[in-house]
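Listed below, chain by chain, are the residues.
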Amino acid sequence: SAVISQKPSRDICQRGTSLTIQCQVDSQVTMMFWYRQQPGQSLTLIATANQGSEATYESGFVIDKFPISRPNLTFSTLTVSNMSPEDSSIYLCSVTREPRGYTFGSGTRLTVV
Amino acid sequence: RKEVEQDPGPFNVPEGATVAFNCTYSNSASQSFFWYRQDCRKEPKLLMSVYSSGNEDGRFTAQLNRASQYISLLIRDSKLSDSATYLCVVNRPGAGSYQLTFGKGTKLSVIP
């Protein structure tokens, strides 16, 4: 399975600021996914990032709030913009190279104060 | 009805016990089913895929009942290291079947 390096692992940010999370995969993958896991909740898909095209966002998530870059087949970033305490969550990137199961990055634990 | 529903637990069981988790899913068109394990403050990791005929991996057995839209995970001879949250995961039909829907998870604590 793929190895994913995600950073930062955690951060504490002031409200109104932005944080960019990076994910680096050890091999080329077509699709990368960004998830959010709020405390006590299941994982919720934010968007699917394809190389060479705009990300596809799920209902309730918009590009202005969560801009995504996918400059090549091994790297993606997710920015959490204009943060509020409600954005405090764990953010996870993931990949699949086959239609069965995902591999996840180790997650970014974000606290907005 | 939620897309993927699980009993949140917690399930507190002694070492050596057998424990079963259940999960129901709402979309009958789903084709891929998985159990993931998530340790505290860690990312989810694939435990096993679930096949129509049922499948076993060591102490773990997964079953799928398409008619009832029901998935189960059985853990035999529980170990302390089995303590974790177990996530039932189902693919979202369409969208190339690459998108997954996660249950909230069932928390298991194996007690010495």
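Before any of the text, the structure's been laid out above.
This text gives an overview of the structure that appears in the document.

The rules behind each value
- Residues numbered from 1 in each chain as written.
- Chains lettered and ligands numbered in written order.
- Predicted model: local features only at pLDDT ≥ 70, side-chain atom pairs only at ≥ 80, totals over all residues.
- Heavy atoms only, no water.
- Helix = DSSP H or I, 4+ residues; strand = E, 2+ residues; numbered from the N terminus.
- Buried < 20%, exposed > 50% of the residue type's maximum accessible area, 1.4 Å probe, protein only.
- Contact = heavy atoms within 4.5 Å.
- Buried area = accessible area lost by both parts, 1.4 Å probe.
- Salt bridge = Lys/Arg side-chain N within 4 Å of Asp/Glu carboxyl O.
- Polar contact = N/O pair within 3.5 Å; in protein donor to acceptor, adjacent residues only side chain to side chain.
- Nonpolar A, V, L, I, M, F, W, Y, C, P; charged D, E, K, R; others polar.
- Core = buried A, V, L, I, M, F, W, Y, C linked by side-chain atoms within 4.5 Å.

1. Let's talk about unusual backbone geometry
Move 1: Between Lys7(A) and Pro8(A) the backbone carries a cis peptide bond, its omega angle lying at 0°.
Move 2: When you line up the elements, Pro8(A) lands in the loop between β1 (4-7) and β2 (10-13).
Move 3: Here Gly9(B) and Pro10(B) are connected by a cis peptide whose omega angle stands at 5°.
Move 4: In this fold, Pro10(B) is placed in the loop between β1 (4-6) and β2 (11-14).
Move 5: For Asn82(A), which is not glycine, the phi dihedral falls at a positive 45°.
Move 6: Note on Asn82(A): relative accessible area 54%, which makes it exposed.
Move 7: A positive phi angle, near 50°, is found at Asp77(B), a position not held by glycine.

2. Considerations on the interface of chain B and chain A
Move 1: Contacts between the two partners involve 18 residues from chain B, matched on the other side by 23 residues from chain A.
Move 2: Together chain B and chain A conceal approximately 1800 Å² of surface at their shared face, both sides included; 52% is due to carbon and sulfur atoms.
Move 3: For the pair chain B and chain A, the number of links is zero salt bridges.
Move 4: Counting every contact that joins chain B to chain A gives four residue pairs in polar contact (both at pLDDT 80 or more).
Move 5: If you list the elements that add at least two residues to the side of chain B that touches chain A, you get β4 (33-38), β5 (45-50) and β10 (100-102) of chain B.
Move 6: When the residues that make up the side of chain B that touches chain A are grouped by side-chain class, the tally is nine nonpolar, five polar and four charged.

3. Topic: the nonpolar core
Side chains that are nonpolar tend, in soluble globular proteins, to be buried together.
Move 1: Within the largest apolar cluster, 26 residues are counted, with the highest numbers of intra-cluster contacts made by Trp34(A), Ile46(A), Phe66(A), Ile68(A), Leu78(A), Tyr91(A) and Leu110(A).
Move 2: Those elements giving two or more residues to this core turn out to be β3 (19-25), β4 (31-37), β5 (43-50), β8 (75-80), β9 (89-95) and β11 (108-112) of chain A.
Move 3: Per-element tally for this core: the top contributor is β3(A), with four residues.
Move 4: Aside from chain neighbours lying at most four places away, what touches Phe66(A) is Arg36(A), Ile46(A), Tyr57(A), Phe61(A), Leu78(A), Thr79(A), Val80(A), Asp87(A) and Tyr91(A).
Move 5: By size, the runner-up hydrophobic cluster in this structure holds 23 residues, among which are Ala17(B), Tyr86(B), Leu108(B) and Val110(B).

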